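# Observations on the model geometry
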Amino acid sequence: MKKLIGGAAFLAGLAGLAVLVIGPPAQATPPAGVTSTVFAVGTFDKIEAKTLSSNWQARIDTKGATDVYILENRMAPGGTIGWHSHPGPSIVVVKSGALTIYRGDDPTCTPEVIEAGSGFVDDGGDIHVVRNEGSVDVVVYVTSIIPKGAVRRIDEPSPGNCPF
């Protein structure tokens, strides 16, 4: 009888622990007013590319199997991609309109506006939100380089540094 009572107490303790561990998940901020089209996904064993000249250089060097995504995001005025992160770098080019990016580690929530004809590189691993605060649609092309099989976009809860 002692073993049964002890086992019941152990299981009750585990049940209490499970409640503490499981708890309600943090709420992600979903995209709104965004249409994404994936043009292509390719898998590479690894990527080793290097170009050097007298006044310019570039290097991409991955270790391990890698997925490369090429996609288009169209965002209506007032649209948002929502707070998110990526497991690897993304090269983002704004084709039309202007997008505004806010970074989760910026305590002042300072907007960075990226105009058509320019872009930015997201190193991956950081939490950010991209919004269309203009009056025309934004069209953005993205090339993402991530570990093979990883989810390209990870929904994240608002880090609390911005009022949205």
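Attention here is on the structure that accompanies the text. (Residues numbered from 1 in each chain as written. Predicted model: local features only at pLDDT ≥ 70, side-chain atom pairs only at ≥ 80, totals over all residues. Heavy atoms only, no water.)

## Let's talk about the pairing of strand S4 (residues 66-80)
Put simply, the test is: Paired strands, in this sense, are two strands between which DSSP finds at least two bridges. Numbering of helices and strands runs from the N terminus, with a helix taken as a DSSP run of H or I at least four residues long and a strand as a DSSP run of E at least two residues long.
Judged from the 11 bridges that link them, strand S1 (residues 32-44) and S4 form a sheet pairing that is antiparallel. Bridging from a neighbouring strand, Gly42 pairs with Val68 of S4. Sheet topology note: the S4/strand S11 (residues 138-147) ladder contains 10 bridges and is antiparallel. Pairing of Asn73 across the sheet is with Val140, part of S11.

## Observations regarding the pattern of salt bridges
The condition that has to hold: In the sections that follow, a salt bridge refers to a side-chain nitrogen of Lys or Arg positioned within 4 Å of a carboxyl oxygen of Asp or Glu. Accessibility here uses a 1.4 Å probe with only protein chains present; expressed as a share of the type maximum, an area under 20% marks a residue as buried, one over 50% as exposed, and anything in between as partly exposed.
Scanning the model with the defined rule gives 7 salt bridges in all. With a closest N to O distance of 3.2 Å, Glu112 and Arg103 form a salt bridge. Here Glu112 falls in the partly exposed class, since its relative accessible area comes to 33%. Taking relative accessible area as the criterion, Arg103 reaches 24% and is therefore assigned partly exposed. Measuring nitrogen to oxygen at the nearest pair gives 3.6 Å for the salt bridge that ties Arg103 to Asp126. Note that Arg103 is positioned in strand S7 (residues 98-103) and Asp126 in the loop between strand S9 (119-122) and strand S10 (128-131), a separation of 23 residues in sequence.

## Some thoughts on the packing of aromatic side chains
Put simply, the rule is: Each aromatic pair joins two rings of Phe, Tyr and Trp (for Trp, the six-membered one) with centres within 6.5 Å, and gets the label stacked for planes under 30 degrees apart, edge-to-face for over 60, and tilted for any other angle.
All chains considered together, the criterion is met by 3 aromatic pairs. Plain terms: the ring middles of Phe39 and Tyr141 are 6.2 Å apart, the flat faces sit at 25 degrees to each other, and that makes the pair stacked. In this pair, Phe39 sits in strand S1 while Tyr141 sits in strand S11, placing the two residues 102 residues apart along the sequence. Residue Phe39 is classed as partly exposed on the basis of its relative accessible area of 47%. Take Tyr141: its relative accessible area is 26%, and that puts it in the partly exposed class. When the ring of Tyr102 is compared with that of Phe164, the centres are 4.9 Å apart and the planes differ by 70 degrees; the resulting orientation is edge-to-face. One end of the pair, Tyr102, is in strand S7; the other, Phe164, is in the segment after strand S12 (154-155), and 62 residues separate them in sequence. For Tyr102, a relative accessible area of 6% gives the class buried.

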